[in-house]
Amino acid sequence: MKNYILFVLLTVIPFTAIFAQDEEEPVKDRPVRAPFASGYLIDNQTTMIPIEGTLEFAIQHKFGTIENGMSDFFGIYAPAANIRLALNYVPFKNFQTGIGLSKERMYTDLNAKWTILEQTRENTIPVAVALYGVVAVDGRNESAFGTGKVWHSGEGPAEFDIAFADRLSYFSQLIIGRKFNYWLSLQTGVSFTHYNLVERNFDHDKIGVHFNGRVNFSPQSSFIFNYDAPLNIQQISEQLQVPAHHQPNVSFGIEIATSTHAFQIYMGNAKGIIPQDIMMWNSNKFNLDNLAFGFTITRIWNF
(Lines give C-alpha, C1' and ligand atoms only; values in the text may rest on other atoms or scores of the structure.)
Protein backbone atom coordinates (compact mmCIF):
# COMPACT_ATOMS: atom_id res chain seq x y z
CA MET A 1 0.00 0.00 0.00
CA LYS A 2 2.81 2.36 0.89
CA ASN A 3 4.53 1.64 -2.40
CA TYR A 4 1.29 2.36 -4.27
CA ILE A 5 0.85 5.77 -2.57
CA LEU A 6 4.49 6.65 -3.26
CA PHE A 7 4.03 5.72 -6.93
CA VAL A 8 0.95 7.97 -7.24
CA LEU A 9 2.74 10.93 -5.61
CA LEU A 10 5.79 10.58 -7.81
CA THR A 11 3.54 10.44 -10.88
CA VAL A 12 1.20 13.34 -10.04
CA ILE A 13 3.59 15.91 -8.53
CA PRO A 14 5.71 16.51 -11.68
CA PHE A 15 2.58 17.03 -13.81
CA THR A 16 1.14 19.40 -11.20
CA ALA A 17 4.32 21.49 -11.31
CA ILE A 18 4.19 21.61 -15.11
CA PHE A 19 0.58 22.83 -15.17
CA ALA A 20 1.32 25.36 -12.41
CA GLN A 21 4.16 26.84 -14.50
CA ASP A 22 1.89 27.02 -17.55
CA GLU A 23 -0.80 28.89 -15.62
CA GLU A 24 1.64 31.37 -14.03
CA GLU A 25 1.34 34.82 -15.62
CA PRO A 26 4.48 36.68 -16.66
CA VAL A 27 5.57 39.43 -14.27
CA LYS A 28 4.74 42.87 -15.66
CA ASP A 29 7.31 45.67 -15.59
CA ARG A 30 5.43 48.24 -13.49
CA PRO A 31 6.05 52.00 -13.18
CA VAL A 32 8.45 53.07 -10.45
CA ARG A 33 6.83 54.04 -7.19
CA ALA A 34 6.61 57.74 -6.24
CA PRO A 35 9.38 59.31 -8.35
CA PHE A 36 8.23 62.59 -6.77
CA ALA A 37 5.96 63.33 -3.83
CA SER A 38 3.88 65.89 -5.73
CA GLY A 39 3.15 67.29 -9.17
CA TYR A 40 4.80 70.52 -7.99
CA LEU A 41 8.49 71.04 -7.37
CA ILE A 42 8.89 74.67 -6.25
CA ASP A 43 8.31 76.61 -9.51
CA ASN A 44 8.25 73.56 -11.77
CA GLN A 45 5.96 70.66 -12.59
CA THR A 46 7.13 67.07 -12.16
CA THR A 47 6.32 64.12 -14.41
CA MET A 48 4.14 62.69 -11.61
CA ILE A 49 0.35 62.74 -12.08
CA PRO A 50 -1.96 61.31 -9.38
CA ILE A 51 -4.35 58.46 -10.14
CA GLU A 52 -7.47 58.94 -12.25
CA GLY A 53 -10.25 60.83 -10.46
CA THR A 54 -7.91 62.88 -8.23
CA LEU A 55 -8.76 66.49 -7.34
CA GLU A 56 -5.85 68.62 -6.15
CA PHE A 57 -5.90 72.00 -4.41
CA ALA A 58 -2.66 74.00 -4.41
CA ILE A 59 -1.57 77.16 -2.60
CA GLN A 60 1.63 78.80 -3.82
CA HIS A 61 2.93 81.82 -1.93
CA LYS A 62 6.03 83.99 -2.30
CA PHE A 63 6.97 86.68 0.19
CA GLY A 64 9.04 89.82 -0.38
CA THR A 65 12.84 89.75 -0.58
CA ILE A 66 14.88 89.44 2.60
CA GLU A 67 16.99 92.56 1.87
CA ASN A 68 15.27 94.71 4.54
CA GLY A 69 16.06 92.28 7.33
CA MET A 70 14.04 92.58 10.53
CA SER A 71 12.20 95.74 9.40
CA ASP A 72 9.69 93.53 7.53
CA PHE A 73 10.80 90.24 9.13
CA PHE A 74 12.95 89.22 6.17
CA GLY A 75 10.22 89.89 3.62
CA ILE A 76 7.46 87.89 5.32
CA TYR A 77 5.53 91.09 6.08
CA ALA A 78 6.60 92.91 2.91
CA PRO A 79 3.78 94.22 0.66
CA ALA A 80 5.37 92.73 -2.47
CA ALA A 81 4.04 89.21 -1.90
CA ASN A 82 2.61 86.99 -4.63
CA ILE A 83 0.11 84.15 -4.25
CA ARG A 84 -1.57 81.63 -6.53
CA LEU A 85 -4.59 79.42 -5.79
CA ALA A 86 -5.20 76.48 -8.10
CA LEU A 87 -7.39 73.43 -8.69
CA ASN A 88 -6.22 70.46 -10.75
CA TYR A 89 -8.15 67.35 -11.79
CA VAL A 90 -7.14 64.02 -13.37
CA PRO A 91 -9.99 62.99 -15.73
CA PHE A 92 -8.15 59.91 -16.98
CA LYS A 93 -4.86 58.13 -16.45
CA ASN A 94 -1.70 60.21 -16.92
CA PHE A 95 -3.55 63.38 -17.93
CA GLN A 96 -4.21 66.36 -15.66
CA THR A 97 -5.86 69.71 -16.30
CA GLY A 98 -6.22 72.71 -14.03
CA ILE A 99 -6.97 76.38 -13.44
CA GLY A 100 -5.25 78.97 -11.26
CA LEU A 101 -5.47 82.62 -10.20
CA SER A 102 -2.38 84.65 -9.29
CA LYS A 103 -1.99 88.02 -7.60
CA GLU A 104 0.87 89.05 -9.90
CA ARG A 105 -0.68 90.68 -12.99
CA MET A 106 -3.95 89.02 -11.90
CA TYR A 107 -3.15 86.06 -14.13
CA THR A 108 -5.88 83.49 -14.75
CA ASP A 109 -4.17 80.40 -16.12
CA LEU A 110 -5.42 77.21 -17.72
CA ASN A 111 -2.95 74.35 -17.76
CA ALA A 112 -2.64 70.71 -18.78
CA LYS A 113 -0.05 67.99 -18.23
CA TRP A 114 0.30 64.65 -19.98
CA THR A 115 2.77 61.98 -18.90
CA ILE A 116 3.54 60.24 -22.17
CA LEU A 117 5.93 57.67 -20.71
CA GLU A 118 6.37 56.36 -17.17
CA GLN A 119 9.70 55.04 -15.96
CA THR A 120 9.47 51.34 -15.11
CA ARG A 121 11.08 49.33 -12.32
CA GLU A 122 13.01 47.00 -14.62
CA ASN A 123 14.18 49.91 -16.83
CA THR A 124 12.17 48.75 -19.82
CA ILE A 125 11.41 52.46 -19.99
CA PRO A 126 14.38 54.21 -18.29
CA VAL A 127 12.86 57.70 -17.99
CA ALA A 128 9.52 59.43 -17.57
CA VAL A 129 8.46 61.93 -20.24
CA ALA A 130 5.76 64.57 -19.84
CA LEU A 131 4.34 67.53 -21.74
CA TYR A 132 3.12 70.60 -19.85
CA GLY A 133 1.31 73.64 -21.24
CA VAL A 134 -0.11 76.86 -19.82
CA VAL A 135 -2.16 79.67 -21.33
CA ALA A 136 -2.66 82.72 -19.11
CA VAL A 137 -4.74 85.89 -19.28
CA ASP A 138 -3.37 89.13 -17.81
CA GLY A 139 -6.38 90.37 -15.84
CA ARG A 140 -5.15 93.80 -14.81
CA ASN A 141 -7.10 96.94 -15.50
CA GLU A 142 -6.24 98.53 -18.85
CA SER A 143 -4.67 101.47 -17.04
CA ALA A 144 -1.91 99.13 -15.81
CA PHE A 145 -0.62 98.92 -19.39
CA GLY A 146 -0.15 102.68 -19.64
CA THR A 147 -2.53 105.40 -20.80
CA GLY A 148 -4.49 103.03 -23.03
CA LYS A 149 -1.51 102.74 -25.37
CA VAL A 150 1.51 100.44 -25.43
CA TRP A 151 4.42 99.75 -27.70
CA HIS A 152 4.59 96.51 -29.60
CA SER A 153 8.02 94.87 -29.30
CA GLY A 154 10.03 95.11 -32.51
CA GLU A 155 7.77 97.77 -34.06
CA GLY A 156 9.41 100.87 -32.65
CA PRO A 157 6.96 103.60 -31.58
CA ALA A 158 3.86 102.04 -33.14
CA GLU A 159 0.92 102.32 -30.71
CA PHE A 160 -2.38 100.51 -30.45
CA ASP A 161 -5.20 99.94 -28.00
CA ILE A 162 -5.30 96.94 -25.67
CA ALA A 163 -7.30 93.98 -27.02
CA PHE A 164 -8.11 90.70 -25.29
CA ALA A 165 -5.55 88.83 -27.40
CA ASP A 166 -2.86 91.20 -26.09
CA ARG A 167 -3.43 89.83 -22.59
CA LEU A 168 -2.59 86.25 -23.57
CA SER A 169 0.69 84.45 -22.87
CA TYR A 170 1.74 80.85 -23.45
CA PHE A 171 4.18 78.33 -22.01
CA SER A 172 4.98 74.83 -23.25
CA GLN A 173 7.51 72.41 -21.82
CA LEU A 174 8.98 68.97 -22.43
CA ILE A 175 10.00 67.31 -19.14
CA ILE A 176 12.26 64.25 -18.82
CA GLY A 177 12.77 62.73 -15.39
CA ARG A 178 14.33 59.70 -13.77
CA LYS A 179 14.23 58.16 -10.30
CA PHE A 180 17.79 56.87 -9.88
CA ASN A 181 17.24 55.17 -6.52
CA TYR A 182 15.10 55.47 -3.40
CA TRP A 183 16.66 58.84 -2.43
CA LEU A 184 17.45 60.64 -5.72
CA SER A 185 15.08 61.86 -8.48
CA LEU A 186 16.15 64.36 -11.15
CA GLN A 187 14.47 66.14 -14.06
CA THR A 188 15.51 68.23 -17.00
CA GLY A 189 13.45 70.02 -19.61
CA VAL A 190 13.22 72.57 -22.37
CA SER A 191 10.50 75.21 -22.72
CA PHE A 192 9.08 77.82 -25.06
CA THR A 193 7.42 81.00 -23.78
CA HIS A 194 5.43 83.49 -25.84
CA TYR A 195 3.73 86.77 -24.89
CA ASN A 196 1.42 88.46 -27.39
CA LEU A 197 2.25 91.81 -25.84
CA VAL A 198 5.60 92.90 -24.41
CA GLU A 199 7.48 96.12 -23.80
CA ARG A 200 9.32 97.40 -26.84
CA ASN A 201 12.77 96.40 -25.53
CA PHE A 202 11.68 92.78 -24.92
CA ASP A 203 11.24 89.82 -27.26
CA HIS A 204 7.92 88.04 -27.66
CA ASP A 205 9.54 84.59 -27.51
CA LYS A 206 11.90 82.98 -25.04
CA ILE A 207 13.41 79.48 -25.03
CA GLY A 208 14.56 78.09 -21.70
CA VAL A 209 16.18 75.07 -20.10
CA HIS A 210 15.30 73.59 -16.73
CA PHE A 211 16.95 71.33 -14.18
CA ASN A 212 15.45 70.28 -10.86
CA GLY A 213 15.18 67.42 -8.43
CA ARG A 214 14.82 66.10 -4.92
CA VAL A 215 17.10 64.25 -2.50
CA ASN A 216 15.31 62.24 0.21
CA PHE A 217 16.87 62.27 3.67
CA SER A 218 13.97 60.60 5.51
CA PRO A 219 10.82 58.66 4.50
CA GLN A 220 8.77 61.88 4.36
CA SER A 221 11.35 64.67 3.94
CA SER A 222 13.49 65.80 1.02
CA PHE A 223 15.85 68.52 -0.10
CA ILE A 224 14.49 70.08 -3.31
CA PHE A 225 15.88 72.51 -5.87
CA ASN A 226 15.19 74.01 -9.28
CA TYR A 227 17.11 75.99 -11.89
CA ASP A 228 15.30 77.71 -14.78
CA ALA A 229 17.46 79.51 -17.33
CA PRO A 230 16.10 81.71 -20.15
CA LEU A 231 18.44 81.46 -23.12
CA ASN A 232 19.72 84.49 -25.04
CA ILE A 233 19.42 83.34 -28.66
CA GLN A 234 20.09 86.06 -31.19
CA GLN A 235 18.53 84.05 -34.04
CA ILE A 236 15.03 84.36 -32.53
CA SER A 237 15.45 87.83 -31.06
CA GLU A 238 13.54 90.79 -32.47
CA GLN A 239 16.17 93.20 -31.16
CA LEU A 240 19.53 94.15 -32.63
CA GLN A 241 21.01 92.83 -29.42
CA VAL A 242 19.41 90.17 -27.19
CA PRO A 243 17.88 91.90 -24.12
CA ALA A 244 19.84 91.25 -20.93
CA HIS A 245 16.85 91.62 -18.61
CA HIS A 246 16.24 87.89 -18.12
CA GLN A 247 17.83 86.21 -15.11
CA PRO A 248 17.88 82.51 -14.18
CA ASN A 249 15.53 81.39 -11.44
CA VAL A 250 17.37 79.51 -8.69
CA SER A 251 15.41 78.01 -5.79
CA PHE A 252 16.12 75.50 -3.05
CA GLY A 253 14.21 74.21 -0.05
CA ILE A 254 12.69 71.38 1.97
CA GLU A 255 9.66 69.19 1.19
CA ILE A 256 7.59 67.25 3.74
CA ALA A 257 5.01 64.91 2.24
CA THR A 258 2.33 62.38 3.17
CA SER A 259 0.00 60.33 0.97
CA THR A 260 -2.43 63.26 0.58
CA HIS A 261 -0.39 66.38 1.44
CA ALA A 262 2.87 67.95 0.33
CA PHE A 263 4.41 71.00 1.98
CA GLN A 264 7.39 72.78 0.44
CA ILE A 265 9.23 75.74 1.97
CA TYR A 266 12.01 77.30 -0.04
CA MET A 267 14.01 80.38 -1.01
CA GLY A 268 14.43 81.73 -4.54
CA ASN A 269 15.07 84.84 -6.59
CA ALA A 270 11.96 84.94 -8.84
CA LYS A 271 8.83 86.82 -7.82
CA GLY A 272 6.60 85.21 -10.45
CA ILE A 273 4.79 81.92 -9.95
CA ILE A 274 3.39 80.82 -13.32
CA PRO A 275 6.22 79.59 -15.58
CA GLN A 276 5.93 82.10 -18.43
CA ASP A 277 6.12 84.99 -15.99
CA ILE A 278 9.33 83.57 -14.51
CA MET A 279 10.91 82.95 -17.90
CA MET A 280 9.98 86.35 -19.38
CA TRP A 281 10.01 88.83 -16.51
CA ASN A 282 12.44 87.69 -13.82
CA SER A 283 15.14 90.37 -13.57
CA ASN A 284 16.37 89.54 -10.04
CA LYS A 285 19.94 88.34 -9.99
CA PHE A 286 20.73 85.43 -7.72
CA ASN A 287 22.21 87.12 -4.67
CA LEU A 288 21.38 87.45 -0.99
CA ASP A 289 19.33 90.66 -1.35
CA ASN A 290 17.05 89.19 -4.03
CA LEU A 291 16.21 85.95 -2.24
CA ALA A 292 12.69 85.53 -0.87
CA PHE A 293 10.93 82.86 1.16
CA GLY A 294 8.09 80.90 -0.41
CA PHE A 295 5.94 77.86 0.21
CA THR A 296 3.70 75.46 -1.71
CA ILE A 297 0.95 73.37 -0.13
CA THR A 298 -0.96 70.69 -2.02
CA ARG A 299 -3.90 68.55 -0.88
CA ILE A 300 -5.42 65.74 -2.95
CA TRP A 301 -8.74 63.90 -2.80
CA ASN A 302 -9.53 60.69 -4.70
CA PHE A 303 -13.04 60.21 -6.11
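In this text the structure is predicted, and so the values were computed from the model without any measurement.

About the criteria used
Residues numbered from 1 in each chain as written. Predicted model: local features only at pLDDT ≥ 70, side-chain atom pairs only at ≥ 80, totals over all residues. Heavy atoms only, no water. 1 Å grid on protein atoms, 1.4 Å probe; cavity = no way out; pocket = protein on both sides within 12 Å on 5 of 7 lines; lining within 4 Å. Points joined across faces, edges and corners; volume = space filled by probe spheres on them. Helix = DSSP H or I, 4+ residues; strand = E, 2+ residues; numbered from the N terminus. Nonpolar A, V, L, I, M, F, W, Y, C, P; charged D, E, K, R; others polar. Pairing = 2+ DSSP bridges. Core = buried A, V, L, I, M, F, W, Y, C linked by side-chain atoms within 4.5 Å. Buried < 20%, exposed > 50% of the residue type's maximum accessible area, 1.4 Å probe, protein only. Contact = heavy atoms within 4.5 Å. Axes fitted to C-alpha atoms, helices over the stretch in contact; angles between N-to-C directions. Polar contact = N/O pair within 3.5 Å; in protein donor to acceptor, adjacent residues only side chain to side chain. Salt bridge = Lys/Arg side-chain N within 4 Å of Asp/Glu carboxyl O. pLDDT = per-residue confidence, 0-100.

A. Spatial organisation of the layout of surface pockets. Taken as a whole, the largest pocket holds about 1200 Å³ of empty space. In terms of lining residues, the largest pocket is bounded by 45 residues, among which Arg33, Ala34, Pro35, Phe36 and Met48 are the most central. Only β3 (54-65), β6 (108-117), β10 (168-179), β12 (205-216), β13 (221-230), β15 (261-268) and β16 (292-302) provide two or more residues apiece to the lining of the largest pocket. A class-by-class count of the residues in the lining of the largest pocket yields 18 nonpolar, 19 polar and 8 charged.

B. A look at the pairing of strand β4 (residues 82-92). Alignment of β3 against β4, held across 8 bridges, turns out to be antiparallel. Within β4, the position partnered with Ile59 by the bridge is Leu85. In this structure, the hairpin formed by β4 and strand β5 (residues 95-102) is closed by a connection of 2 residues, where Asn94 is found at a positive phi of approximately 65°.

C. The arrangement of the nonpolar core in detail. Counting residues in hydrophobic clusters, the biggest one holds 8 residues: Tyr107, Ala136, Tyr195, Val198, Phe202, Ile274, Met280 and Trp281. In this structure Met280 touches Thr193, Tyr195, Phe202, Asp203, His204, Asp205, Lys206 and His246, once residues within four positions along its chain are discounted.

D. Structural view of the sheet that holds β12. A barrel is described by the order of its strands in space; here 12 strands give the closed sequence β3-β4-β5-β6-β7-β10-β11-β12-β13-β14-β15-β16, paired in antiparallel fashion. The average angle at which neighbouring strand axes cross in this sheet is 20°, direction not considered. Pairing between strand β7 (residues 128-137) and β10: 10 bridges, direction antiparallel. Considered in β10, the bridge of Val134 is made with Phe171.

E. Representation of the side chain of Gln264 in the model. Examined against the element boundaries, Gln264 turns out to sit in strand β15. Leaving out residues up to four positions away in the same chain, Gln264 has contacts with Ser38, Tyr40, Leu41, Ile42, Ile224, Ile254, Glu255, Gly294, Phe295 and Thr296.

F. Structural context of the side chain of Asn290. Along the polypeptide, Asn290 turns up in the loop between α2 (275-281) and β16. Within the structure, Asn290 has its side chain in polar contact with the backbone oxygen of Lys285 (distance 2.9 Å). Discounting chain neighbours no more than four positions away, the residues touching Asn290 are Thr65, Gly268, Asn269, Asn284 and Lys285.

G. Here's a closer look at the environment of Pro219. Mapped onto the elements, Pro219 comes out in the loop between β12 and β13. Looking at Pro219, the relative accessible area reads 88%, which means it is exposed. The sequence separation of Pro219 and Trp183 amounts to 36 residues, and the corresponding C-alpha distance is 9.1 Å.

H. Local environment of the pattern of salt bridges. Counted under the stated rule, the structure contains 7 salt bridges. Put simply, Arg105 and Asp138 hold a salt bridge, and the shortest N to O gap is 3.9 Å. Pair noted here: Arg105 is in the loop between β5 and β6 and Asp138 is in the loop between β7 and β8 (150-151), with a separation of 33 residues, a long-range link. Accessibility classification places Arg105 together with Asp138 in one group, the buried group. If you follow the salt bridges from partner to partner, you end up with Arg105, Asp138, Arg140 and Asp277 in one network.

I. Layout of the confidence of the model for the protein chain. When pLDDT is averaged along the protein chain, the result is 87, and 85% of the positions lie at 70 or above. Across residues 4-23, where pLDDT falls below 50, the model places 1 contact with residues more than four positions away in sequence or in other chains. A low-confidence stretch, residues 153-157 (pLDDT under 50), is modelled with 14 contacts involving residues beyond four sequence positions or located in other chains.

J. Fine view of empty space enclosed by the protein. This structure, assessed with the given rule, holds 1 cavity of 30 Å³ or more. What the largest cavity holds in volume is close to 200 Å³. Along its surface, the largest cavity is lined by 20 residues, and Asp43, Asn44, Tyr132, Ile273 and Pro275 are the ones closest to its centre. Only β2 (44-45), β6, β7, β10 and α2 provide two or more residues apiece to the lining of the largest cavity. Per-element tally for the lining of the largest cavity: the top contributor is α2, with 3 residues. Taken together, the residues that form the lining of the largest cavity break down as 10 nonpolar, 6 polar and 4 charged.

K. Quick peek at the pairing of β7. Both β6 and β7 contribute to a ladder of 9 bridges, which runs antiparallel. Its bridge partner being in β7, Trp114 is matched across the sheet by Leu131.

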